[in-house]
Amino acid sequence: MPVGPFDAPEIVLDGFKERAEALAVQGDKLFVGTSTGNLHVYTYGETGEQQAQLVETRKTLCRRSIEQLAFIKDVNSLVVLSEAQLTLFPYPTYSPPTPLVKTKGALCFALHTGVEYLDADTTVAATPGTPGKGKSVGKGVPALVTRLAVGCRRKIVLYSWKDGEPQDVQEVGGLAHSPRAITFVDGETLCWGHTPTDYCLTSVKTSITVDVTTPIPTTSSTNSISMGMGALSGLGGYMTLGLGAKTRPNVINVNEDEALIAKDNNGFLVGREGKTTRSESIDWPAPPDELALVKPYVFAILPPGSVPTSHVEGVPGASASTFVQSPVIEIRSSISLSTVQTIPFPPSAPTSLPSAATHAVRLLTPSPSAKSPLFVISTPTDRTAATHAGSAIWCFRMKAWNQQIDELVETGSYADALSLLESLDAALVADKDRKQKQVRALQAVDHFRNAKYDDAINAFIELDINPAKVVALYPESISGRLSVPRDEWIPLFGGPKPPQVAPPPTSPSVSSTDVSGTAAEQEGGPKSVESPPRAGTPQGSIRNVLLKTGLESLVSTGMAKDDDTASIRSVRRPPKPDNFHRSIETLMRYLSDRRPKIAGALTAFHITPMQSHEMPTLSATSKEDLLDLPNAPLSSLSPEELVRFAQIVDTALFKSYLLVRPGLLASLCRVGWCEVSEVEELLREREKYQEMIYLYHSRKMHGKALDLLRQLSEKETDPHEKLMPTVNYLQRLGPEHLDQIFEHSRWVFEQDRDIAFEIFTSEEAELPKERVADFLERLDPAICARYIEFLISERGETSRHFHDRLAQLYLRMTVNAKKRGDDAVRRATYDKLLQFIDTTEHYSADRLFASLPSEDLFEAKAILLGRLGRHDSALEVYVYRLQDFQKAEEYCKRVYQPNSPTSHVFLTLLRIYLLPGPSAPAAAELLPPALELISRHSPRLDPVATLQLLPPLVTAQDVRAFLLESLKAPVFDTRVVRNIHKSREDQVARRLVVLQSKRVRITESRICPQCHKRLGGSVIAVHAPHGEVTHYQCREAFSRKLKETRT
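Parameters and conventions
Residues numbered from 1 in each chain as written. Predicted model: local features only at pLDDT ≥ 70, side-chain atom pairs only at ≥ 80, totals over all residues. Heavy atoms only, no water. UniProt positions renumbered as here; feature names shortened; annotations may be inferred. Pairing = 2+ DSSP bridges. Helix = DSSP H or I, 4+ residues; strand = E, 2+ residues; numbered from the N terminus. Buried < 20%, exposed > 50% of the residue type's maximum accessible area, 1.4 Å probe, protein only. Core = buried A, V, L, I, M, F, W, Y, C linked by side-chain atoms within 4.5 Å. Contact = heavy atoms within 4.5 Å. Expected span 1.5 Å × (residues − 1). Patch = residues over 30% accessible without salt bridge, like charges linked within 9 Å, V, L, I, M, F, W, Y side chains within 5 Å. Areas by Shrake-Rupley, 256 points an atom, 1.4 Å probe, with all protein chains shown as cover. Salt bridge = Lys/Arg side-chain N within 4 Å of Asp/Glu carboxyl O. Phe/Tyr/Trp six-rings, centres within 6.5 Å; stacked < 30°, edge-to-face > 60°. Lys NZ or Arg CZ within 6 Å of the ring centre and 35° of its normal.

- As named in an unreviewed UniProt entry, the protein chain is CNH domain-containing protein, taken from Lentinus brumalis.
- The record held by UniProt for the protein chain lists under Sequence similarities (unreviewed entry) the comment "Belongs to the VAM6/VPS39 family."
- Word for word, the UniProt comment on the protein chain under Subcellular location (unreviewed entry) is "Endomembrane system".

## Side note on the sheet that holds strand β6 (residues 66–72)
Working step 1: Here 4 strands make up an open sheet; going across it, the order is β6-β7-β8-β9 and the pairing antiparallel. At either margin of the open sheet sits one strand with a lone partner, and together these are β6 and β9 (98–99).

## As for unusual backbone geometry
Working step 1: The residue after Tyr91, namely Pro92, is reached through a cis peptide bond having omega 10°.
Working step 2: Here Pro92 shows up in the loop between β8 (85–90) and β9.
Working step 3: Positive phi outside glycine occurs at Ala451, with the angle close to 70°.
Working step 4: Mapped onto the elements of the fold, Ala451 is located in the loop between α4 (432–449) and α5 (453–462).
Working step 5: Of the residues examined, Ala451 reaches a relative accessible area of 16% and is grouped as buried.
Working step 6: Of note, the phi angle at Lys700 is positive, near 60°, even though the residue is not glycine.

## Re the nonpolar core
Working step 1: Within the largest apolar cluster, 186 residues are counted, with the highest numbers of intra-cluster contacts made by Phe299, Ile329, Phe460, Phe760 and Ile837.
Working step 2: With near-sequence residues (within four places) excluded, Phe299 lies in contact with Phe6, Glu290, Leu291, Ala292, Val294, Ile329, Glu330, Ile331, Leu364, Leu374 and Phe396.

## Looking at helix α14 (residues 639–660)
Working step 1: The end-to-end C-alpha distance of α14, which contains 22 residues, comes to 31 Å, matching closely the 32 Å that a straight helix rising 1.5 Å per residue would cover.
Working step 2: Counting buried residues in α14 gives 17 out of 22 residues, a clear majority hidden from the surface.

## Quick look at a nonpolar patch on the surface
Working step 1: Where nonpolar side chains cluster on the molecular surface, the patch consists of Val1000, Ile1002 and Val1022 and spans about 210 Å² of accessible area.
Working step 2: Mapped onto the elements, Ile1002 comes out in the loop between α34 (974–996) and β32 (1020–1023).
Working step 3: For Ile1002, a relative accessible area of 32% gives the class partly exposed.

## Some thoughts on the environment of Lys722
Working step 1: Mapped onto the elements, Lys722 comes out in helix α19 (residues 719–732).
Working step 2: Beyond its immediate stretch of four places on either side in the chain, Lys722 contacts Ser713, Glu714, Glu716, Trp747 and Gln751.

## Quick look at the pairing of strand β25 (residues 297–302)
Working step 1: Most of β25 sits out of view: 6 of its 6 residues are buried.
Working step 2: In this sheet, β25 lies alongside strand β24 (residues 290–294) in antiparallel orientation, the contact comprising 5 bridges. Counted as the bridge partner of Glu290 is Ile301 from β25.
Working step 3: Here β24 folds back onto β25, and the loop between the two strands holds 2 residues.
Working step 4: Where β25 meets strand β26 (residues 328–333), 6 bridges bridge the pair, whose relative direction is antiparallel. What sits directly across from Leu302, in β26, is Val328.

## Quick word on the packing of aromatic side chains
Working step 1: Enumeration according to the criterion identifies 23 aromatic pairs in this entry.
Working step 2: Between Tyr878 and Tyr891, the ring centres sit 5.7 Å apart and the planes meet at 45°, which makes this aromatic pair tilted. Placement of Tyr878 in helix α28 (residues 871–881) and of Tyr891 in helix α29 (residues 885–895) is noted, with a sequence separation of 13 residues between them. There is no split in this pair, since Tyr878 and Tyr891 are both buried.
Working step 3: Connected via pairs of aromatic rings, a cluster forms that spans Phe6, Tyr297, Phe299, Phe345, Trp394 and Phe396.
Working step 4: Sitting over the ring of Tyr896, Arg940 keeps its end group 5.5 Å from the ring centre.
Working step 5: If you follow Arg1035 out to its NZ or CZ, it ends over the ring of Tyr1032, 3.8 Å from the centre.

This is the structure:
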């Protein structure tokens, strides 16, 4: 089966003996008009298994040759151009004919049928049967409108029908030229040509005609007409086909707003404004004889000897210097303008080509609305053969759309496949969206293969491609075990597997094709969709004999000069681009785009990178399972799939940073999902130990991190630099890693206890105090005591448990130091014990007292007895055991509180001095401190009790200070004071009664002493002490007067 959008052409009618001048297709009917005015009607099947069947023949339907045929479905009539006039023949009776009298002098015509929405703000036309996407239409009533444009001498006549009803005839006259070929650009614009190189556009609405302007072709003159030897052979055919006929312009409608015109060997797409709509153009090997469209493909009949054999697939020994010596039908995509199929005519076995032009090919005729199939007539050029065998009508049938797309994908024409998909309606292609995404992904892989990394990555992001597949395109240094060989990239993304082809024998020299291809890639130039590279025009060809004139002859010298210097210029090659690093930079952009989006999707499931150590590792999943993860939006993935994506992305990003941006590794190691097993050895090779530690810490692999820190510490000599990294790491670990903290802190304690102690005093993580204390006590009770001291002094620990434990530690350390004979340690520890039990109250004194040895640590016993409220026993220990009278006195000072149970503590100490027990020292030794106590603290001693305790032999002189102080005490009788107060209160009360018993009397005749007016019933004021009465408003003035009188 041939590669291309069309199956191999099939003969539907053979041995047609008349000269066919026009073809038309309607449904399953094929109309053939001849040079004698006859009309033959055939039926043909959907497949080429059977020949077309003759339905009827209308002899002399026209008096002269039928030049053009078409079928107007709206009026069910056949329109015929004959004798320079159009006539409508009703089908199937063909009578009565209706001559279109205004078309006299007709040269050509064109039909356009479409749905128009009337009574709307704007009339929108939609061409039925278009394989492209539907256009949005305005409001209004839809109507089927058919227009018939007839090109006449110096005018265009326009007939139209709406829903089968004829409309007024419109004429566009006064043209500068007569249209020789005409087509509709859209329903309201006509494109027509009057010479093979001159074209115009005419607006049906405004009747304005403008010339079509096209750019100057950028291809060299050698790309013009080039026919091989033997191009003129066979010109003696009875139909005089070939160069003897007058060349006509070629113009066809391509889509709803573009028309294709042929100028020499170039094809341009023009729009409604009369200008080219695309920067690309078609470059045919020679000017085409005819053009036709089967949407979206353009057919062109190219003359014999103009197409190199290298353009024809499957031909052995094909080269650019030999030409196909028969007519060729070239098929191009109207979307990309690239060649999709080349068929020599008549078709022959793929292993051979005709040695000479034996047939002439003409009358390309597609089905209505430019649909498949397309018909073409071939006639032997030899008169005898033509008379005997007659002409043959061939049929081109288009393959199914899915099959075309699959073939384009197989050949790597992804852009063409995408363009075709975009032009097709969803109803024509099964699962169009999925197929479109798949082809886009394959195109992105192709871009990547051709170093178009940005285009590829942009497509991967837009298509939500599985990151494992994107990473698999990179070498193993980036992708690790995900790496896929280059020839498996396309199958990885759902494309076809490459065919197994034996490698060709290597050639020691570089072919010219390779050199030219490389130069074309390196040199910039205008975009032009051309045929594959053609050879230069062969010597002795028609091209060289007839057409080497004008501009070519002027520039030929310059061209030769360029050829002479080409070898010199070729040495100066630009530096080879660093595609590897460029691809890594693009990959980092892709991964950086995916990373936050994946993190956001994981956050919706309450999954963060801090939980990466809880997830299955990437190495636990097979390569096949990773590559089979779906290409889908992140929001539609499961948490497990998102975690896999995150691990793949971070691992690849890590390796990319390691290669090109190692400074960014630390941040990725601290928080991320990268696979440790794939990156740790890479870090070790590059001695990125700090990044390894960050990585281990973020994955909760603390054992590995601490082992690495210990290994690194062996290289350091300074104790601080040797131990602090481990200490800092252990400080950041939480209580859930307590066993590891204990395990890895032992060697630090062995090196330096002070530095190691910082592990448990950090504020970064709060560790269980009880377990830490147990661990430290097993190491050394002194370290444990230091830790509890830290808790009490720095952390404000008030629990009785730790205070009791610290006291027990002090006690045990003191006893053990005494056993070892280490007096310095014993003294220091015992002092801590004494200070601790004397200054704090958060321990159990009775429990500690019970732990004290019976014949040692008497001062501690004294303090504890005091804590227990047994002050007499405590003082006895100070006096009898320690014989430290000053501490006994200090003890009394500390516990003494007036009017409390301890207010007699000094008297107790005096009693201990003066009434010694059996274990007391000699009485003579206790009397001096007793007398000193009496002299210094006489105010705190009861005089009577003190005198009663003094021994008889103590003289008054010994206690003189005590006696004097006692005699100075006040002796006021409290009853006298009480009675004096009572008498004073009685006196004040009697005076108040007397004052309250005084009265003043106001009569009618009493006068105010101030204003000398009668008081009457006015408000009055009484003045002390003599009881003068004035008006209330006169009180102040009278008071001043009294004051002045008294002074």
